[in-house]
Structures are given as structure tokens and as C-alpha cells.
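# Tertiary structure, described
Listed below are the residues making up each chain.
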Amino acid sequence: MWDLWIERAKPVMPVIVIDDPDHAVPLAQALVEGGVRLLEITLRTAAGMQAISQIKRAVPEAIVGVGTVTSARQLEDALHRGAEFAVSPGSSPELLACAQEWGGPYLPGVATPTEVMQAREAGFRYQKFFPASAAGGTAMLKALAGPFADVAFCPTGGIGADNYRDYLALNNVFAVGGSWLTPKTAVSAQNWQALTSLAIAS
Ligand code: 3PG
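Reading the values: the criteria
Residues numbered from 1 in each chain as written. Predicted model: local features only at pLDDT ≥ 70, side-chain atom pairs only at ≥ 80, totals over all residues. Heavy atoms only, no water. UniProt positions renumbered as here; feature names shortened; annotations may be inferred. Phe/Tyr/Trp six-rings, centres within 6.5 Å; stacked < 30°, edge-to-face > 60°. Lys NZ or Arg CZ within 6 Å of the ring centre and 35° of its normal. Near = heavy atom within 4 Å. Polar contact = N/O pair within 3.5 Å; in protein donor to acceptor, adjacent residues only side chain to side chain. Areas by Shrake-Rupley, 256 points an atom, 1.4 Å probe, with all protein chains shown as cover. Nonpolar A, V, L, I, M, F, W, Y, C, P; charged D, E, K, R; others polar. Core = buried A, V, L, I, M, F, W, Y, C linked by side-chain atoms within 4.5 Å. Buried < 20%, exposed > 50% of the residue type's maximum accessible area, 1.4 Å probe, protein only. Helix = DSSP H or I, 4+ residues; strand = E, 2+ residues; numbered from the N terminus. Contact = heavy atoms within 4.5 Å. Pairing = 2+ DSSP bridges. Lys, Arg positive; Asp, Glu negative; His and termini not counted. Salt bridge = Lys/Arg side-chain N within 4 Å of Asp/Glu carboxyl O. Arc of directions from axis to C-beta. Axes fitted to C-alpha atoms, helices over the stretch in contact; angles between N-to-C directions. Parallel < 35°, antiparallel > 145°, perpendicular 65-115°, else oblique.

The chain has the name 2-dehydro-3-deoxy-phosphogluconate aldolase in an unreviewed UniProt entry, where Bacterioplanes sanyensis is given as its organism. Listed in UniProt under the heading Pathway (unreviewed entry), the comment for the chain reads: "Carbohydrate acid metabolism; 2-dehydro-3-deoxy-D-gluconate degradation; D-glyceraldehyde 3-phosphate and pyruvate from 2-dehydro-3-deoxy-D-gluconate: step 2/2." Turning to the chain, the UniProt record has this under Sequence similarities (unreviewed entry): "Belongs to the KHG/KDPG aldolase family."

We now examine the packing of aromatic side chains. On inspection of all chains with the given rule, the structure shows eight aromatic pairs. In this structure an aromatic cluster arises from ring pairing among W2, W5, F85, Y126 and F174. Here the guanidinium or amino end of K128 rests over the ring plane of F130, the centre of that ring lying 4.7 Å away.

Here we come to the site of the ligand. The ligand sits among V15, R44, K128, F130, T156, G157, G158, G178 and S179. G158 is positioned with one of its backbone polar atoms (N or O) 2.7 Å from an oxygen atom of the ligand. With respect to the ligand, the side chain of S179 contributes an N or O atom lying 2.6 Å from an oxygen atom. Out of a free accessible area of 320 Å², the ligand has 80% covered by protein chains. Its residues placed into classes, the shell around the ligand shows two nonpolar, five polar and two charged.

Time to look at the nonpolar core. L31, L39, I41 and I55 are the most contacted members of the largest nonpolar core, which has 61 residues in total. Here this core gets seven residues from one element, more than from any other, and that element is helix α2 (residues 24–33). In this structure, L39 is in contact with P14, I16, A28, L31, I55, A62, I63, V64, G65 and F85, ignoring residues within four places of it in sequence. In this structure, W5, L38, F85 and L107 belong to the second largest nonpolar core, which totals 13 residues.

Here we take up the sheet that holds strand β7 (residues 126–129). Within the open sheet, the three strands sit side by side as β6-β7-β8. Their pairing is parallel. With one partner strand each, in any of the chains shown, β6 (109–110) and β8 (152–155) form the two edges of the open sheet. Relative to β8, β7 runs parallel, the two sharing four bridges. Pairing of Q127 across the sheet is with F153, part of β8.

Across the sheet, which stays open at both edges, the six strands sit in the order β5-β4-β3-β2-β1-β9 with parallel pairing between neighbours. The sheet terminates laterally at β5 (106–107) and β9 (176–178), the two strands that pair on one side only. Where strand β2 (residues 38–42) lies against strand β3 (residues 63–67), five bridges are found, and the strand directions are parallel. In the strand pairing of β3, E40 is matched with G65.

Note that K128 resides in strand β7. Summary of buried charges: K128 has no salt-bridge partner, and the nearest side chain of opposite charge, E40, is 4.3 Å away.

What follows covers helix α4 (residues 72–80). Looking only at α4, the buried set comprises A72, L75 and A78. Down the axis of α4, the sector holding all buried residues measures 125 degrees, keeping them to one side. Opposite the packed face of α4, turned more than 90 degrees from it, sit the exposed residues R73 and H80. On its buried face, α4 is in contact with α3 (47–58), β3, β4 (85–87) and α5 (93–102).

Before going further, it helps to examine the packing of α4 against α5. Axis separation between α4 and α5 bottoms out at 8 Å; the angle between their running directions is 30 degrees. As judged from the angle between their axes, α4 and α5 are roughly parallel. Touching A72, L75, E76 and L79 of α4 are E94, L95, C98, A99 and W102, all from α5. For the contact of α4 with α5, the residue count by class is seven nonpolar, no polar and two charged.

Here is the structure:
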């Protein structure tokens, strides 16, 4: 699924925090207009869950996923609201089992070789490398490529406009995520054009 999406969308995935429910649809539209279609809506705010259904309804060009999933219950709720993919900062046996049962595109979070192995053993060969810069950045990803040639990563955490291309250049990186595409100042000022420009530039 990820390969197919990346063929149709840019390999950058904004990690989105929605504070105001009224921002969800224009924010998603602005990114889609700039060619960024894979949208990770985090559950860090109360508005996150609702934003998933709002965007699904109003922005059909978007591929909407749920992020910061830390429990099976949250995953189930988000799937009911139409989330097409799911992302976690880490993983737990309960979450991995729930995602397995769903069978859809799920990125468990990993930061160490042991976690990579546990997630792979559960059947997930696409994983989120988090927190990317604090956990060793591109050097760590290069080191993981040796023993885990069959695993592909989406690094997030501390990545921005200045270095995301360094990550994308790695063979074991299929996409890069982060909040740099939705700066808080632009979102609170409802400067949607700024988001489109950032998306076009990425
Ligand atoms: C995530 O959950 O992926 C990260 O918190 C995003 O990190 P960033 O804000 O440093 O881009």
C-alpha cells in the first residue's frame, strides 16, 4: 500500500496537530493543492479524531491517516472515522495485535534494533523511525540497513525543510514525516497559502 501511495503522492507526510476543528478542512485542502496528500492527523488534541472524518468527507484527494496512536481503542475509533492508515510513536503487544487483525497499513514506531525486530516479527516491514534526529538520524538509519535490509522506514522527529532530503536519499527510507509543513504560526493565522507554498516546495 505504501509503495502505491508514494507513487501517487509526494513522499512527505505532514504530522498534523489540529487545535481548532474549523482549521481541519482548509488545512488539508491547502496541502493537497501543493501535492502533499498523505496526511497524518495526530490524536494529540481533542479535535484530532473529529478532524479525520471532516477531512475524509470534504477533501477526497487526501489520503487521511491517524497518528500518535497509543492504544488499540484509539486505533479502532480512528478506523471507524475512516482513517486509511495509522502511525504510532512506539508499539505495544496490544496495539500490534489490533493492527494485525485490521490488516491495513500501520506504521509501528521504532528507535532500536530490538524494536525493529519485534515489529517485523509481528508482520510490519514498514515502520516509523522515531524520534529520528534524537535516535541517531541518518547515521542510525544507514546502520539499520545492514541487518534489516527488508525493512523500510518513515523517519519523523526533528526533521525539517533543511534536512528531509538527506533522509529521503537513503534506500531504506520510503517517506519522511514532520511538522515543518504545518507551522503553528501559519495555521493560527489561517495563512493557508503559506502551507500550499511549503507543500509545493517539498
Ligand atoms: C512525530 O510525532 O512524528 C513528531 O513529533 C514530529 O516531529 P517534529 O515536530 O519534530 O516534526
